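# A structural walkthrough
Spelled out from the first residue to the last, the chains are:
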Amino acid sequence: QVQLVESGGGLVQPGGSLRLSCAGSGWISSIYNMAWYRQAPGKQRELVALITSGGSTNYADSMKGRFTISRDNGKNTVYLQINSLKPEDTAVYYCYARAPGSTTPYWGKGTLVTVSS
């Protein structure tokens, strides 16, 4: 059973920064591809960034520049650094993991990021 637990969300002022963490436990291993998604109020869930087991990254076009995904395989943890936060970044941020070749995705419960003055 794979479990993903996000942390690091909260209330931040526009222009601020946050680092989100997602800790994996259970059967998750360093071979899993992992990603961050977000869902803003009234909108569909969208991909922010993904990172492969080898560390290759890919970002949604609208997320390039202010978002940085990274991982620490020794800690089974993936991070999302968000800089220059904007009110439109307000969303629940979800962690996602999937083993290569598998069709079974795993999701965390999400962490809320609110950007407001």
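None of these values were measured; they are calculated from a predicted model.

### Focus: the overall build of the protein
Summing up its helical and strand segments, the protein has 0 helices and 11 strands in all. Start at the N end of the protein and walk to the C end: the helices and strands fall as β-β-β-β-β-β-β-β-β-β-β. Radius of gyration (C-alpha) of the protein: 13 Å, near the 13 Å computed for a compact globule of 117 residues. Each of the 117 residues in the protein was classed as buried or not, and the buried ones make up 39%.

### Comments concerning the pattern of salt bridges
For the structure shown, the criterion picks out 4 salt bridges. Of the charged contacts, one joins Arg38 and Asp89 as a salt bridge, the two residues approaching to 2.9 Å between their closest N and O atoms. Placement of Arg38 in strand E4 (residues 33-39) and of Asp89 in the loop between strand E8 (77-82) and strand E9 (91-98) is noted, with a sequence separation of 51 residues between them. In terms of burial, Arg38 and Asp89 fall into one category: buried. Across the pair Asp89 and Arg66 runs a salt bridge, and its minimum N-O distance is 2.8 Å. Residue Asp89 is found in the loop between E8 and E9, and its partner Arg66 is found in the loop between strand E6 (57-59) and strand E7 (67-72); the two are separated by 23 residues along the sequence. An identical accessibility class is assigned to Asp89 and Arg66; each is buried. Through salt bridges with shared partners, a single ionic network connects Arg38, Glu46, Arg66 and Asp89.

### What about the state of the cysteines?
Counted by the stated rule, this structure contains 1 disulfide. Put simply, Cys22 and Cys95 are joined by a disulfide, and their sulfur atoms are 2.1 Å apart. Its S-S torsion of approximately -80° makes the covalent link between Cys22 and Cys95 left-handed. Taken together, the residues span a long stretch of sequence, with Cys22 in strand E3 (residues 18-25) and Cys95 in strand E9 at a distance of 73 residues. Since its relative accessible area comes to 0%, Cys22 is described here as buried.

Calculation notes
- In this numbering scheme, every chain counts its residues from 1 along its sequence in written order.
- Per-residue local features are limited, in this predicted model, to residues with pLDDT of at least 70; the limit for side-chain atom pairs, both in listing and counting, is 80 or more; totals at the level of whole chains, interfaces and linings are taken over all residues.
- Side-chain calculation: all heavy atoms of the structure are included, whereas hydrogens and water are not.
- Helix and strand labels come from DSSP, where a helix needs a run of H or I of at least four residues and a strand needs a run of E of at least two; each type is numbered from the N terminus.
- When we talk radius of gyration, it's over C-alpha atoms, and the globule rule is simply 2.2 Å times the number of residues to the 0.38.
- Relative accessibility decides the category of a residue: with a 1.4 Å probe and only protein chains considered, values under 20% of the type maximum give buried, values over 50% give exposed, and everything between is partly exposed.
- Salt bridges are identified by distance alone: a Lys or Arg side-chain nitrogen within 4 Å of an Asp or Glu carboxyl oxygen.
- Two cysteine sulfur atoms make up a disulfide if the distance between them is within 2.5 Å.

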